[in-house]
Amino acid sequence: MKKETKRLSPKQTRALLLKNAKKLMSGRYRTDKAELIGERKKEELVA
Amino acid sequence: MFLNEFLSTAGLPLTASDISEEALKELVFSSETKLNWRGYLNHYDHDDSFHLALRIDSDENMPGGAILGIYNAANGVLNIYLLESLVIQKQEHPLRGRLTALMIVAVSYFLSYFDDSQGILLCEPSPNLEDYYRSFGFEYVNNEDKMFASIERLNEMQTRLNEAIGP
């Protein structure tokens, strides 16, 4: 976790994210798989 | 909320908000949800809780996607404990396939306000999406069922994306 590059300020981060909004939300970065992170319900694990 | 400005810029008819108590009840009691939302109620109530619901404007309490995490000030890492999309079967839904990317945008923005923040930790990520997570800069942590991306890696990915040619 060592920092090697200058980190962006909140303003720079916001500007970069907004600039990328259309690209990041395009089909290229969309997944067809189920989006799940975390612990499943027990009934899901049994099934 | 910044994420709503982001969604508007991307031209997506979605709204982001905190997970309300009503929405949390829906997530806990619904037979549609696959994750153990009930087991993380204390995380929702935690002082450093980070939670987000995404839905189409006209939707009711149940969001199309929801995210729950906690920012660990001791190590500067935001742990994502639960992320669930409920629109996988809805081919035309604007949130389908985009929840993970939206989580990364929201958390990147959130972490930018903490001088000592270090990155994002995904707890129990879906193995089927390993390559997808890697495309955003995440790597497995030792032999644990967790993936981590540093602020620098997340920024690097966004910078590369910005420099990439084409839409």
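Keep in mind the model is a prediction, meaning the values are calculated, not measured.

Thresholds applied
Residues numbered from 1 in each chain as written. Chains lettered and ligands numbered in written order. Predicted model: local features only at pLDDT ≥ 70, side-chain atom pairs only at ≥ 80, totals over all residues. Contact = placed C-beta atoms within 7 Å. Helix = DSSP H or I, 4+ residues; strand = E, 2+ residues; numbered from the N terminus. Nonpolar A, V, L, I, M, F, W, Y, C, P; charged D, E, K, R; others polar. Pairing = 2+ DSSP bridges. Buried ≥ 20, exposed ≤ 12 C-beta atoms within 10 Å, placed from the backbone. Right-handed = clockwise from strand over helix to strand, strands pointing away. Core = buried A, V, L, I, M, F, W, Y, C linked by C-beta atoms within 7 Å. Axes fitted to C-alpha atoms, helices over the stretch in contact; angles between N-to-C directions. Parallel < 35°, antiparallel > 145°, perpendicular 65-115°, else oblique. Left-handed = near helix turned anticlockwise from the far one by under 90°.

Enquirer: Help me out: how do you make sense of the interface of chain A and chain B in this one?
Expert: Size of an interface, as often reported, equals the accessible area lost when the parts are brought together. At the interface, 34 residues of chain A touch 46 residues of chain B. Only α1 (10–19), α2 (21–24) and β1 (36–37) of chain A provide two or more residues apiece to the side of chain A that touches chain B. Of all the elements, α1(A) adds the most residues to the side of chain A that touches chain B, at seven residues. When its residues are assigned to classes, the side of chain A that touches chain B shows 13 nonpolar, six polar and 15 charged. In this sheet, strand β4 (residues 77–85) of chain B lies alongside β1(A) in antiparallel orientation, the contact comprising two bridges. By the bridge assignment, A:L36 is partnered in β4(B) with B:E84.

Enquirer: Explanation requested: the environment of B:K90 in the structure shown.
Expert: Tracing the chain through its elements places B:K90 in the loop between β4 and α4 (99–111). A C-alpha to C-alpha distance of 35 Å links B:K90 and B:Y113, two positions 23 residues apart in sequence.

Enquirer: Can you help me understand the pairing of β4(B) in this one?
Expert: One face of the sheet, then the other: side chains in a regular strand alternate in exactly this way. All names here are of chain B. Across the nine residues of β4, eight count as buried, placing the element largely inside the fold. Connecting strand β3 (residues 65–72) to the next strand, β4, in antiparallel fashion are four residues, including G76 with a positive phi near 75°. Here four bridges tie β4 to strand β5 (residues 119–123), and the two strands are oriented parallel to one another. The partner of L78 across the bridge, within β5, is I120. Crossover β4 to β5 through α4 is right-handed.

Enquirer: Explain unusual backbone geometry here, please?
Expert: Residue and element names in this part refer to chain B. Of note in this structure, E124 is not a glycine but carries a positive phi near 60°. Mapped onto the secondary structure, E124 falls in the loop between β5 and α5 (130–135). Although it is not a glycine, N142 adopts a positive phi angle of roughly 45°. Mapped onto the elements, N142 comes out in the loop between β6 (139–140) and β7 (146–150). Judged by C-beta crowding, with 6 C-beta atoms within 10 Å, N142 ranks as exposed.

Enquirer: Looking at this structure, how should I read the nonpolar core?
Expert: The nonpolar side chains of a soluble globular protein tend to be buried, and buried together. Counting residues in each nonpolar core, the largest one holds 59 residues, and the members touching the most others are B:L78, B:I80, B:L82, B:M103, B:V105 and B:A106. Tallying contributions element by element places α4(B) first for this core, with 10 residues. With residues near it in sequence (within four places) discarded, B:L82 still touches A:I37, A:G38, B:L35, B:W37, B:Y40, B:I67 and B:L68.

Enquirer: Sorry, what's going on with the packing of α1(A) against helix α6 (residues 151–163) of chain B here?
Expert: For any two helices packed against each other, one specifies the crossing angle of their axes together with the interaxial distance. The N-to-C vectors of α1(A) and α6(B) enclose an angle of 45°; their axes lie 9 Å apart at closest approach. Compared by their axis directions, α1(A) and α6(B) come out oblique. Seen from above, α1(A) lies across α6(B) with left-handed handedness. Facing α1(A), whose interface residues are A:L16, A:L17 and A:K19, α6(B) presents B:Q158, B:T159 and B:N162. Residue composition of the contact of α1(A) with α6(B), grouped by class: two nonpolar, three polar and one charged.

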